[in-house]
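Listed here are the chains, written in short residue letters.
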Amino acid sequence: MHDDQRRIAFEILYAENATPVYRFALRLCGNRDDAEDITAEAFAQAFRKLGEYRSDSSQRTWLCAIVLNQWRMRKRKNQVPEDRLESLRQVASSFKFEDFELAEALSTLSDPLREAFLLVKGEGFTHAEAAKALRVPVGTMYFRVHTAVRQLRGLLGSKAWEVESQCEVPLNHEM
C-alpha cells in the first residue's frame, strides 16, 4: 500500500469509527482523559498495522479489540485510585439519556461481563463479532452477555425496562 493510499484508508477508517470507538473506551474505563488516550493509542496502532488488517472481522471490531488490549494494559500498569463518582458521571453521559443508575450498575459487573455487555448491547456487535474482539468462543460470549443482562436486571429492578433506550440494543433483547 502506497503512503497516499494508506493515509486515505486511515482517514476513512478514522472518520467512520472515531465516535463509536471513543464511546466504547469511555464506557469501558469511565474516564474521559483515559478514554481519549486509549482511543488515540488504538488509532495510532491501527495506523501502524493497517497493512496487517485481514478483513476477517469488521474494522470496528478490530479497533475495539485494540481498545480492549490498550485498556487492559493500562489497567495492569495503572493502579491509581479513581474518583468513582466522576467516573460514573462520565459513563452516564455516554448514554442517550444520562443515567447514573445504569452507569453504577455497569460498574459492578466483572470486567469480562462488562466488556461483553458493552460490545453486544452497548455497541450493537453480534455475539460472533464480540467474540472475535475478545478472542473467546461464541458460546462464552452468549453466556457472558446473558449473565450481565441478568445481573443488571437484578440491580435495576423495574427500571431495567426504562433503561432499554440507553443502549444501542435493548436490555431485554432476546439472544
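For the structure, see preceding data.
A. Layout of the overall build of the protein. Regarding its fold elements, the protein presents nine helices and zero strands. Seen in sequence order, the protein has helices and strands lined up from the N terminus as α-α-α-α-α-α-α-α-α. For the protein, buried positions account for 46% of its 175 residues. A fraction of 66% describes how many contacts in the protein between residues 6 or more apart in sequence connect residues 24 or more apart. Carbon and sulfur atoms make up 51% of the accessible area of the protein, which totals about 9,400 Å².

B. Quick peek at the packing of helix α1 (residues 3-29) against helix α2 (residues 32-48). Contact geometry of α1 with α2 gives a least axis separation of 9 Å together with a crossing angle of 150°. As summarised for this structure, α1 and α2 are arranged roughly antiparallel, according to the angle between their axes. Regarding α1 and α2, the two cross each other, and that crossing is right-handed. When α1 is examined against α2, the residues R6, F10, L13, Y14, N17, A18, V21, Y22, A25, L26 and C29 are found in contact with a partner set consisting of R32, D34, A35, E36, I38, T39, F43, A46, F47 and R48. Residue composition of the contact of α1 with α2, by class: 14 nonpolar, two polar and five charged.

C. Structural context of helix α7 (residues 127-134). Among all positions of α7, only H127, A130, A131, A133 and L134 are buried. Angular distribution of buried residues about the axis of α7 spans 160°; they occupy a single face of the element. Buried-residue contacts for α7 involve α3 (59-77), α6 (111-122) and α8 (138-156). Phi for R135, located one or two positions after α7, is positive at around 60°.

D. Representation of the environment of L113. Its location among the elements puts L113 in helix α6. Judged by relative accessible area, L113 falls into the buried class, the value being 10%. For the pair L113 and F143, spaced 30 residues apart in sequence, the C-alpha to C-alpha distance is 9.0 Å. Contact partners of L113, with chain neighbours within four places excluded, come to R144, T147, A148 and Q151.

E. View of the packing of aromatic side chains. In this structure the tally under the stated criterion is four aromatic pairs. Ring centres 6.2 Å apart and planes at 80° place the aromatic pair F10 and F43 in the edge-to-face group. Residue F10 is found in helix α1, and its partner F43 is found in helix α2; the two are separated by 33 residues along the sequence. Taken as a pair, F10 and F43 share a single burial class, namely buried. Measuring from centroid to centroid gives 4.8 Å for Y14 and F43, while their planes differ by 65°, and the two rings are edge-to-face. With Y14 in helix α1 and F43 in helix α2, this pair connects stretches of sequence that are 29 residues apart. Joined through ring pairs, the aromatic side chains of F10, Y14, F43 and F47 make up one cluster. In this structure, R6 packs its charged tip against the face of F47, placed 4.5 Å from the ring centre.

F. Expanded view of the pattern of salt bridges. Throughout the structure, instances matching the rule amount to ten salt bridges. Linking R72 and E115 is a salt bridge whose minimum nitrogen-to-oxygen distance equals 2.6 Å. Placement of R72 in helix α3 and of E115 in helix α6 is noted, with a sequence separation of 43 residues between them. Among the residues examined, R72 registers a relative accessible area of 28% and is labelled partly exposed. Where D111 meets K75, a salt bridge forms, and the shortest distance between an N and an O atom there is 2.0 Å. With a gap of 36 residues between them, D111 in helix α6 and K75 in helix α3 connect regions that are remote in the sequence. Among the residues examined, K75 registers a relative accessible area of 35% and is labelled partly exposed.

Thresholds, definitions, all that
- Residues numbered from 1 in each chain as written.
- Predicted model: local features only at pLDDT ≥ 70, side-chain atom pairs only at ≥ 80, totals over all residues.
- Heavy atoms only, no water.
- Helix = DSSP H or I, 4+ residues; strand = E, 2+ residues; numbered from the N terminus.
- Buried < 20%, exposed > 50% of the residue type's maximum accessible area, 1.4 Å probe, protein only.
- Contact = heavy atoms within 4.5 Å.
- Areas by Shrake-Rupley, 256 points an atom, 1.4 Å probe, with all protein chains shown as cover.
- Axes fitted to C-alpha atoms, helices over the stretch in contact; angles between N-to-C directions.
- Parallel < 35°, antiparallel > 145°, perpendicular 65-115°, else oblique.
- Left-handed = near helix turned anticlockwise from the far one by under 90°.
- Nonpolar A, V, L, I, M, F, W, Y, C, P; charged D, E, K, R; others polar.
- Arc of directions from axis to C-beta.
- Phe/Tyr/Trp six-rings, centres within 6.5 Å; stacked < 30°, edge-to-face > 60°.
- Lys NZ or Arg CZ within 6 Å of the ring centre and 35° of its normal.
- Salt bridge = Lys/Arg side-chain N within 4 Å of Asp/Glu carboxyl O.

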